[in-house]
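# Notes for the structure review
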Amino acid sequence: MTTFNHLNVVAQEALQLPDAERIAKIRSDRWIGYPRSKQVLAKLEDLLIYPRTQRMPNLLLVGDTNNGKTMLAQRFCKLHPADDNPSGDGIQVPVLMVQAPPVPDEGRFYNAILELLFAPYRASERVDKKQFQVIKLLRYIDLKVLIIDEIHHILAGNMNRQKAFLNVIKYLGNELQISIVGVGTKDAFRAMQTDPQLSNRFEPVTLPRWEMDHDFLRLLASFERMIPLKNTSGLTQQDLASMLYSMSEGYIGELSRLLSSASVAAIHSSDEKISLSLLKSVDWTPPSKRKRLLEGTR
Ligand SMILES: Nc1ncnc2c1ncn2[C@@H]1O[C@H](COP(=O)(O)OP(=O)(O)OP(=O)(O)O)[C@@H](O)[C@H]1O
Ligand SMILES: [Mg+2]
């Protein structure tokens, strides 16, 4: 019997699936813990156990696009799911993640929170009433950490609206004594700087682009163990690793997508492994070039 020791148990089992299902598995999201993610998760854990004080610590998770910020925040949420009825007193939700509306609109922000919690609300309700409802609800579920993804969207308005929205965040934090975690691009960091009181309450935590180093090789090794291909690719070999690094330009999202496409091609070709020649044959535009194309320049 052939053994597939280059794979972890889950991936070994996936080898039994028909190709179409195996491909669907390859294309779906998977979580890989890497050193920086563990550091950031530890910081988030810290917020959860922080005693409630007048001045709760907040974080601002900043990084380039497609580099794992949302996945990391989702991971934290998954580690701390809602607890249905711990002492008969209703549901407890320690962590909640909401997307900032595409514009700094307080009402829409509250709508998003109310929707997440399946709370009935009227979209036409006055903003102060919605705010009251949100505060009551978040207090009821005993929220500890509110994560606001895509927080850079608050930059989309003029300075006054930005300020108003930042005040909302400040108010929620103070009123509920919860920690707030903003997640976004560098624009988010700049937005926070417009309010010194807020900026010194939000500790910036970065999720930098990957370097071509030992950690990146370990990341490749993890992907290889999880992607159900029958043959060993040896992604950490220098030539393959360098090629993967330059094609993905150090973004984990790009790497993940590239490896998925290459793996699907490897299944179709019956090679069942990712080789240099296969990578060269994958239809791939590096992210920087894609961006330039989008911007209409060469
Ligand atoms: N820890 C991880 N393990 C495996 N794959 C990951 C991990 N983190 C991110 N990815 C991959 O990278 C993709 C992009 O990640 P994510 O959506 O978290 O990026 P982001 O930084 O939030 O981007 P954006 O700024 O565009 O919202 C994910 O869809 C997933 O395929
Ligand atoms: Mg994201």
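Above this note sits the structure.
Numbering of residues starts from 1 in every chain and runs along the sequence as written. Lettering of chains starts at A and numbering of ligands starts at 1, both following the order in which they are written. Where local features are concerned, this predicted model is filtered to residues with pLDDT of at least 70; where side-chain atom pairs are given and counted, the filter is 80 or more; whole-chain, interface and lining totals use all residues. By convention in this description, side-chain values take in all heavy atoms of the structure and omit both hydrogens and water.

Only DSSP runs of H or I with at least four residues qualify as helices, and only runs of E with at least two residues qualify as strands; both kinds are numbered from the N terminus onward. Per the secondary structure count, the protein includes 14 helices and 5 strands. With respect to the principal axes defined by its C-alpha atoms, the protein has extents near 65 × 55 × 35 Å. Burial classes: relative accessible area under 20% of the type maximum marks a residue as buried, over 50% as exposed, and values in between as partly exposed (1.4 Å probe, protein chains only). Taking all 298 residues of the protein together, 46% fall into the buried category. Whether two residues are in contact is decided by their heavy atoms, any of which lying within 4.5 Å being enough. Once local pairs closer than 6 in sequence are excluded, the contacts in the protein between residues at least 24 apart make up 73%. Residues scored as positive are Lys and Arg, those scored as negative are Asp and Glu, and His as well as the terminal groups of each chain are ignored. The atom standing in for a charge is NZ when the residue is Lys, CZ when it is Arg, CG when it is Asp and CD when it is Glu. The protein carries 38 positive and 33 negative side-chain charges, and their two centres are separated by 3 Å.

Here the focus is the site of ligand 1. The nearness test applies per residue and asks whether one of its heavy atoms lies within 4 Å of the molecule or strand. Contacts to ligand 1 come from 17 residues, most closely from T65, N66, K69, T70 and M71. At 3.0 Å from an oxygen atom of ligand 1 is found a main-chain nitrogen or oxygen belonging to G68. Each accessible area is a Shrake-Rupley result for a 1.4 Å probe, and residues are judged covered by the shown protein chains and nothing else. Burial of ligand 1 by the protein amounts to 84% of the accessible area it has alone, namely 630 Å². Elements supplying a minimum of two residues to the shell around ligand 1: α4 (69-79) and α12 (252-268). Both domain 1 (12-31 + 210-293) and domain 2 (50-207) contribute no fewer than three residues apiece to the shell around ligand 1. The definition of a polar contact used here is a pair of N or O atoms within 3.5 Å, where within protein one atom must be able to donate a hydrogen and the other to accept one, and adjacent residues in sequence count solely through side-chain atom pairs. Domain ranges listed in this record stem from an automatic or a database domain assignment.

Here the focus is the pattern of salt bridges. By convention in these notes, a salt bridge is any Lys or Arg side-chain nitrogen within 4 Å of a carboxyl oxygen on Asp or Glu. In this structure the tally under the stated criterion is 12 salt bridges. A salt bridge links D64 to K186, with the shortest nitrogen-to-oxygen separation between them at 3.5 Å. One end of the pair, D64, is in the loop between β1 (58-63) and α4; the other, K186, is in helix α8 (residues 186-193), and 122 residues separate them in sequence. On the basis of relative accessibility, which here comes to 25%, the residue D64 falls in the partly exposed class.

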